[in-house]
Each structure stands twice: as structure tokens, then as C-alpha cells.
Amino acid sequence: MLPDLSEYNWVIPDFVWELSEHIDLEKLAKALPEMEEIAKLLPDLDKIGENFSFLKSILSSGDEVKGASGLHLLLETSGEPPLNATDAAAAAAAAQDSSDKQYKKQGLLGELIVIQQQIQRHEEEVRQAAAANSARPPPPPEPAPSPPPNPSLSPPQQKRKSSDKERLDQLQEELLRTQLKYQRMLERLEKENKELRKVVLQKDDKGIHQRKVKKSLIDMYSEVLDILSDYDSNYNTQDHLPRVVVVGDQSAGKTSVLEMIAQARIFPRGSGEMMTRSPVKVTLSEGPHHVAMFKDSGREFDLSKEDDLAALRREIELRMRKSVKEGQTVSPETISLSVKGPGIQRMVLVDLPGVISTVTAGMAADTKETIFSISKAYMQNPNAIILCIQDGSVDAERSIVTDLVSQMDPQGKRTIFVLTKVDLAEKNLASPSRIQQIVEGKLFPMKALGYFAVVTGKGSSGESIDSIKDYEEEFFQNSRLLRDGMLKAHQVTTKNLSLAVSDCFWKMVRESVEQQADVFKASRFNLETEWKNNYPRLRELDRNELFEKAKNEILDEVISLSQVTPKHWEAILQKKLWERVSTHVIENIYLPAAQTMNSGTFNTTVDIKLKQWTDKQLPHKALEVAWETLQEEFARFMAEYKGKDQDDIFDKLKEAVKDESIKRHKWNERAMDSLRVIQHNALEDRSITDKPQWDAAIQFMEETLQARLNDTESVIGDMVGPDWKQRWMNWTNRTPEQHIRNETKTELERLLKLHEDHTAYLANDEVTTVRKNLEGRGVEVDPVLIKDTWHQLYRRHFLQKALSHCNLCKRGFYYYQRHFVDSELECNDVVLFWRIQRMLGITANTLRQQLTNTEVRRLEKNVKEVLEDFGEDTEKKTHLITGRRVQLAEDLKKVREIQEKLEAFIEALHKEK
């Protein structure tokens, strides 16, 4: 049975104590504005008094009572021993008068105590009569058969036995009627005062706000459990705080029992399928309105409205499915929900997935083991109260959960057994005494504090809580289980179950919470010691605080881009753009045009090729260069900032932010059209206005051609291998292919000396001549190799001539102004390079303006968006900000928060006592 909680003076619902002792009805009447409505909500005390008088007239008094929850209690008397059954009749009149005088001083509470004493008195009389009847010795057997009636019993003995049996039956019926009247009276009182408590909770008067302490108390405790559910300790600090763990076989009625306790149909329902796919923590507390709310959401669901109830069920089902990973059926992630309403008992329950015996189609292969693992994880808490739910409509031998519970709590010190669907069990079982064996703990090997039998409806998902309550009350009033004494009145109905579970929960909380606070205090000391030894000069910043610090640093680095000078932007843009397009300019524009015979053809070829280049490639290349330059400058600033006492713990985060920001940044494509027009105009201009511009163009041309000549010399050197000096100094030799190329090079150089104005391509007869000359010297060579070697030699020859011509054009600005009239010197190639140089400058200026005016700001915006997204993504922050220092700061923060909340809860708990 339930533990001896004799330290509690009464097992009376809380509202009766408060109504009798804590609530001043006269003050309440003055405080409330509408007295007529308040009067309607108050109970009819005259009718209650009449019922009490009637009950007192038919019942006697005693000292030991049992409350509605079935807990054995001792009334506080003057210290005299309780009356025995033998002398109770003699002292009935005196005890009645003294009890009336004593308890009338206590008002309504005293009247209820009198009724409790009378119920206990009847129970004692029934037990005494049954014991006396069973203790009477049977008559001795006769050797010969006797005709009826039995002559072994004298008529007075037969008459006395018949009268004793009739008296026993009469006492049992009277006891049942008294218990039912007492139960109905309590329910009527609670119903009449439900609205009154709602009004009291809504008022903001300090004198009538007693329930606020209890409401905040359970909320404080629930907050601690929420924090602990997310806490992963490295110091083996386990969560041993009490909560009520609801376990049972699949479809045994766990969820229905929880809904009856919460007084709302809040959970999704299914026909035979698994609906509870993850643990659901439900914090129950009293409040003026019947509402539900998730821990991580601000929305309130009004449980008095069917639409809100349906929305809540959909939300719970959606959260369960989201918590289940792909390929799994159940999830260990906890969904946290709070339910408040008038008359709800304060406690924290965890509804677990139903235990299954077989994995069916559509389930993951490890579903059974996962459910067992989740259930054991919650039940192994030594302070958890196990609410074991057993389906009464099926054979007890098919139960799986009872074996599991007996393994976790073999002594039954924290288990409460609940038999559901008792109505179906009574109807289907041939022997109702089997139900009595179950609730007396004689059928199952498991032990429990107490046993309860409940009915949670007729099996229809559309039933309301009120209709289920009415059906449950009606069933037990008419049930032979209660009438024949197989069940006690305090062992039935979900209301009595709720009262008993709440009492056990708070007893367990009071016994264990201070010990848990000491455990976390020690854990906090260990963590603080480790921090002081390893990071004495650093502040304890958790992951979120470190992210905010890194966020500010990254934004500072982005702002630094706006401080880059225009001169720096244009210089790097012009340099990178020329590196990107120089090959095309030389190979596809300058060299083909330079092969022409006169200046007119040269200029025509250049104009055509520049136009084609600008229309198709140049704007795209320019935007690519600008985008790459912006990325490089952004990375450069972040790298430079890193050198200034940068915390390397941010490196992964900053790199990820940079990559994601660049990935999201899209260059404004509308700028391409305007850039194309600007580049067209720049390249069409041929008017060099002064000598410095002419000299700058010559210098630009000379540097470009010299760089190309150096590249060509390097290529020729790789083709022919080391010369005699390198072979002598480095002890290297030519390969056979290099030897062939060197002989080919020598032969082709002779040809160039003979024809300095040779075209860029060798004729076929010239290739044949070179090949035959080489064969005459014993060198076999392929025509392709000859042409390839000629290309590089002619390129070197052309660049050397171009450099010489460039040197002559240094004094050609005067002839340029006269359009080279009457002059043998023509410097159209200088004009081409001036046009290219001017286009580069104007393009760099245009791109710089777009960068500083638009793109830098857009990049900054992208960085902010990326940081905001990362800030909302807990998994990404955990991945990017890692290390023992971070984890230690996280643990310290959690342990401090848990300890502080536990201490605040303990202080509030002591005040409530």
C-alpha cells in the first residue's frame, strides 16, 4: 500500500484547507466588486450542514481515519490512545459530544473530519465482525449423515450465526453508502468552489493571492528540469530530481490517464498505432484559466475551446515527428509542455512511448530496444515516481512493463500501480476476484506503494473529460467490485489517483531537492577550479557570448573595407585587370595587327578586334576582377585583424562567415551595360593630348613587350636545354629531344638572318628545306616540331624589333601631332597601348565607384545576414565554436543556473511549509 505519511495531519484537498483557514470570506466579499455573482459561486453551507447533521446522526466517532487518497492518518487529539472496537459503543455518546465541540470550532473542515472518523468507525466494525465470524470454531463432524436442517447446531446457534451474517452485510452496505456520500460531497464542494478559486486567482489583492506561491513553485521546479534536460555534465553529475514517470504497454491507457489528470484531451490519438513517439514532459499547475503552452513558444492554447485543443494535438504530433530522425521510429528528445487550470494538482509528469513486445512493419529494427532504453533512463532515477499503467481488459500475463518496473524498483518504494479499463475487465473476466488480486499486489511479482483502479472512458476519441468523469463515477457507484468490498473507495477514480500521486511527488521533492542542490554545488566548485587553473586571465564566456564577440569583430573588419582609399582600389583593380586581359591583347589584337603592311590596315584590324572584345568579353572580365579583388581585400583585412591579439577560437567561425557571405553575394549585373558603354568610349578615343601621356604609353608598351620577351626566352630555353656554360657549371646535359630542337633552332635562326622581314608563318618549301638541311647533319626532325620552334623564334624576333621600334617612338610625339605626315616613323602601336592603358584606368575608376558605393555595403549586409542565421542555428555554433574552454564555460553557466534556481526553489518551498 501507500507509504505511511503520518507527518501530514490531514489528507484533505488543498482548497478545503485554504477555504477554511487562509481565505477570509468577509474580506473577500468586500474586495470583490460584484457581490451577487460571488454569492452564487459560494457553496450552500445550510445544505451542507443538513447533510452533516444527517450523517452524524447515523454514524459514530473514532480517532483513526483514512483520507480520500487512502493514506493512513492520525488525528491530533489530546494524546489519549484510540478507542478499541469493544469499548467504542460505550463511549459513543461522550465521544460524539466532545468531537462535535472540538471540530465545530474548525468550521467546514471540522465537519469533514467528523465524516472521516465515522467512515473509519464503520470500516473497523466491518473488520471486527468479519474477524469474529471467521474465528468461530466449526462444529464437530457427525459419523452418520444428518437430514436437514443440520441437527449439530442448536437453534440459538443457527439464529446467532444468521444474525451475525446479516449484521456484516448491513455494515458493509452502510459503509459503502457513507463512502459514496462522502465522495460525492467532496466532489460537489470542489465543483461549487472551482469558479470561486478562479476569481480568487484573478484578483491582485495581496490578502487573497495565496495560490500564486504554489503556481510559481511548480513553474520554478519545471524550469530546473528543463535546464537539466539540456545539460551534459563531464563530472558525472546526474539528474536525480523527482518527476512522475508514466510507463506502460502500448495502448494500455497511459495517455488517457495523463489527460484525466490534466483535465483535457491534449494528446494525439490513434487506433492501435504508436502515437507517443518521444517523451513528453507535462508540468501541471493551478491557474485561473485552463491553458497549455510549450516551453519554447509564447502561444497559449485555450483548452476550453475545441479548435485550440485540435491545434495543440496537431502541434504535439508535429513536434514528435520532427524529433524522430530519419530511419527511426521513436526519439529520446523531450517535448516540454505546461498545463494550467483551476483544480489541477501540481506535479511534473513524463509520458513515455509505450513498451512493445514485437517490432511491426514500418518500424525501425531497434524500436523495441530504444523504447526500453528511454524508459530505463527515466526510471533509474532513484527519486522518480513510477506510475505503472496496466491494461485491465487484457490478460495480466501479457504485460511487459511490470517486469521492467520490478527490475528498476524491486522493493516498490516509488511505484504506484494503476489498473485501467476496469469497466471492460469487470465485464469480460469470469472471476472478478482476479481484479482484487491485482489491486492487492498479489498477482504480479512487482511491488508498489499503492494500487488504483480507474476508468478513462468508453473508448471513443470524441469523449469529453466531463463525460468520462461522469461515466467513471457512475460505473464505480454501481460496480460489484466496490459493493462487495473487492475495492476500497479510496482506490478508485482518477481524482483519488491524482491526489495520491501529487502527495507522493511533493514528499519526494522535499526529501531529495536539497541533496541535489549540494551535488550541483560541488560540481560548480570543480568546474570553477579547473577554469582558474587553465584560463586564469580569461573571462568565462559561453558559446553565445563568444559568438557575439566574434560577430562584433567580423563587422568591424567589414567596415574597414569602406576605409580603403580610392587610389588603392584603382591601383589593385588596374593591375589585376591587366594581368587578366594582357594575354588576349597581345596575342589576339596586337600581334595579328602588327603583321599588316601599312598603318591603315593596322588601325582597321585593331578597331575591329577591340570592338568584338568589348562586346563579348571585356565587361565580364572586369566584373570578375572586381569581385575577386573585393574578396581578397576582405580576406586581407580579416587576416590583418587576426594579428592584433586575435582569439584563435574564432578562426573556424570567421572562415565560415567569409565563405558563406561570398557565396551569397551576387554582383549587380545591371552595371555591366553601363560599363560596356564606358569601355567602348575609352577605346575609341585616339587623341593623346600631351607628351607625358605619350611617354606613359611608351613605358607601358615597353614594360609589356619586355615581359613577353622574357617569357619567350624562357620557353626557348626550356625547349633547347642548357647552353654550354650551364652544362659546364651545373654538370647537366641535353635530352635527345632538346638536342633536336637546338639543331632546329640553329637552322631557323640562319633563315631569319637572311630574311629579317619574314612573315609569321613558314612556307611548306621552307619547312622542307630546313628538314633536309638537318637530315644532312644526321638529325631526323618532324615538320610539326619545326613549325613549333619557328613560332617561338619568330615571336622573339618580332618582340625584339618591336622594342627597338618603341625606343625610336620616344621622340615621335611631334610626328604624332602632325599625323606622321612626311615622316617615315609610324607609332600606331604606341597609340594602341595608350588606348588600352586609358581603358584600364577608366574601368578601374568605374569599378572602384561601384565597389565603394554599392558592393561593399551589400557585402556588409550579407555578412550581417549570415551572422544572424548562424546565431539562430545552435548546431552550427556548436560546430564552429569548439574546444575545452568553450565547453567548460558552457558547463559553468549551466551548473550555476541550476544551482541558483534550485536554491530559489528550496527557499520558496520552505516558505510554503
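Residues numbered from 1 in each chain as written. Predicted model: local features only at pLDDT ≥ 70, side-chain atom pairs only at ≥ 80, totals over all residues. Heavy atoms only, no water.

### Details of the overall build of the protein chain
Here is step 1 of the chain: The secondary structure content of the protein chain amounts to 33 helices and 11 strands.
Here is step 2 of the chain: Within the protein chain, buried positions represent 48% of all 913 residues.
Here is step 3 of the chain: Once local pairs closer than 6 in sequence are excluded, the contacts in the protein chain between residues at least 24 apart make up 81%.
Here is step 4 of the chain: Element-wise, carbon and sulfur atoms account for 49% of the exposed surface of the protein chain, whose accessible area totals about 46,700 Å². (Helix = DSSP H or I, 4+ residues; strand = E, 2+ residues; numbered from the N terminus. Buried < 20%, exposed > 50% of the residue type's maximum accessible area, 1.4 Å probe, protein only. Contact = heavy atoms within 4.5 Å. Areas by Shrake-Rupley, 256 points an atom, 1.4 Å probe, with all protein chains shown as cover.)

### Examining a negative patch on the surface
Here is step 1 of the chain: A contiguous patch of negative charge, built from E333, E865, E868, E872, D873 and E875, is present on the exposed surface.
Here is step 2 of the chain: At 3 residues, the largest contribution of residues to the negative patch is made by helix 31 (residues 828–872).
Here is step 3 of the chain: Here E333 is to be found in the loop between helix 11 (306–323) and strand 7 (335–340). (Patch = residues over 30% accessible without salt bridge, like charges linked within 9 Å, V, L, I, M, F, W, Y side chains within 5 Å. Salt bridge = Lys/Arg side-chain N within 4 Å of Asp/Glu carboxyl O. Lys, Arg positive; Asp, Glu negative; His and termini not counted. Charge placed at Lys NZ, Arg CZ, Asp CG, Glu CD.)

### Some thoughts on the packing of helix 23 (residues 651–664) against helix 31
Here is step 1 of the chain: The interhelical angle for the contact between helix 23 and helix 31, taken along N-to-C directions, is 125°, at an axis separation of 9 Å. By the criterion of interaxial angle, the relationship of helix 23 to helix 31 is oblique. Between helix 23 and helix 31 lies a crossing whose hand is right-handed. Each of L653, A656, V657, E660, S661 and R664 in helix 23 lies in contact with helix 31, whose residues at this interface are L859, N862, V863, E865, V866, L867, D869 and F870.
Here is step 2 of the chain: Residues belonging to the contact of helix 23 with helix 31 are distributed by class as follows: 8 nonpolar, 2 polar and 4 charged. (Axes fitted to C-alpha atoms, helices over the stretch in contact; angles between N-to-C directions. Parallel < 35°, antiparallel > 145°, perpendicular 65-115°, else oblique. Left-handed = near helix turned anticlockwise from the far one by under 90°. Nonpolar A, V, L, I, M, F, W, Y, C, P; charged D, E, K, R; others polar.)

### With respect to the packing of helix 20 (residues 566–594) against helix 21 (residues 599–616)
Here is step 1 of the chain: Packing of helix 20 against helix 21 brings their axes to within 8 Å, and their N-to-C directions diverge by 150°. Judged on the interaxial angle alone, helix 21 and helix 20 are roughly antiparallel. For helix 20 against helix 21, the interelement crossing comes out right-handed. Of helix 21, the residues touching helix 20 (which contributes V581, H584, V585, N588, I589, P592, A593 and A594) are F602, T605, V606, K609, L610 and W613.
Here is step 2 of the chain: Of the residues that constitute the contact of helix 20 with helix 21, the class distribution is 10 nonpolar, 3 polar and 1 charged.

### Some points on helix 13 (residues 401–408)
Here is step 1 of the chain: Along helix 13, the residues classified as buried are V401, T402, L404 and V405. Taken around the axis of helix 13, the buried residues stretch over an arc of 160°, which confines them to a single face. (Arc of directions from axis to C-beta.)

### As for the state of the cysteines
Here is step 1 of the chain: Inspection of the entire model under this criterion finds 1 disulfide.
Here is step 2 of the chain: Paired by a disulfide, C809 and C827 hold their sulfur atoms 2.1 Å apart. Because the torsion about its S-S bond is -100°, the bridge between C809 and C827 counts as left-handed. Here C827 lies in the loop between helix 30 (813–817) and helix 31 and C809 lies in the loop between helix 29 (783–808) and helix 30, a separation of 18 residues in the sequence.
Here is step 3 of the chain: C809 sits in the buried class, given a relative accessible area of 0%.
Here is step 4 of the chain: C827 gets classed as buried once you look at its relative accessible area, which sits at 0%.
Here is step 5 of the chain: You can see C806 has no disulfide; the closest cysteine sulfur is in C809, sitting 6.7 Å from it.
Here is step 6 of the chain: Here C806 falls in the buried class, since its relative accessible area comes to 0%. (Disulfide = S-S within 2.5 Å.)

### Considering the packing of aromatic side chains
Here is step 1 of the chain: Taken as a whole, this structure holds 16 aromatic pairs when the rule is applied.
Here is step 2 of the chain: With a centroid separation of 6.0 Å and 85° between ring planes, the pair formed by F294 and F301 is classed as edge-to-face.
Here is step 3 of the chain: Taking the relative accessible area as the measure of exposure, F301 reaches 3% and is therefore buried.
Here is step 4 of the chain: Through a chain of ring-to-ring contacts, three or more aromatic side chains come together here, namely W578, Y590, F700, F798 and F833.
Here is step 5 of the chain: When the ring centre of F294 is taken as origin, the NZ or CZ atom of R319, which lies over that ring, is 4.0 Å away.
Here is step 6 of the chain: The side chain of K877 reaches across the aromatic face of F547, ending 5.6 Å from its centre. (Phe/Tyr/Trp six-rings, centres within 6.5 Å; stacked < 30°, edge-to-face > 60°. Lys NZ or Arg CZ within 6 Å of the ring centre and 35° of its normal.)

### Some details on the sheet that holds strand 6 (residues 301–302)
Here is step 1 of the chain: Strand order across the open sheet formed by 9 strands is 6-5-7-4-8-3-9-10-11, with mixed pairing between neighbours. In this open sheet, the two edge strands, each paired with only one partner strand, are strand 6 and strand 11 (450–453).
Here is step 2 of the chain: One ladder, built from 5 bridges, connects strand 3 (residues 244–248) with strand 9 (residues 385–391); its direction is parallel. Within strand 9, the position partnered with V244 by the bridge is I385.
Here is step 3 of the chain: The sheet strands contacting helix 10 (residues 254–262) are strand 3, strand 4 (280–285), strand 7, strand 8 (347–351), strand 9 and strand 10 (415–420), and the helix crosses strand 8 at an angle near 160°. (Pairing = 2+ DSSP bridges.)

### Examining the nonpolar core
Here is step 1 of the chain: Y590, W613, W694, I836 and V863 are the most contacted members of the largest nonpolar core, which has 99 residues in total.
Here is step 2 of the chain: Per-element tally for this core: the top contributor is helix 31, with 17 residues.
Here is step 3 of the chain: Once residues within four sequence positions are removed from consideration, I836 is found in contact with W578, V585, L610, W613, L683 and F700.
Here is step 4 of the chain: Grouped together as the second largest cluster of nonpolar side chains are 61 residues, L284, L303, M320 and V454 included. (Core = buried A, V, L, I, M, F, W, Y, C linked by side-chain atoms within 4.5 Å.)

### Structural notes on the confidence of the model for the protein chain
Here is step 1 of the chain: The predicted model of the protein chain averages 78 in pLDDT, with 74% of residues at 70 or higher.
Here is step 2 of the chain: Below a pLDDT of 50 lies the segment residues 51–96, which in the model reaches 100 contacts outside its immediate sequence neighbourhood of four places, other chains included.
Here is step 3 of the chain: Segment residues 138–153: pLDDT under 50, and 7 contacts once partners within four positions in sequence are set aside and those in other chains are kept. (pLDDT = per-residue confidence, 0-100.)

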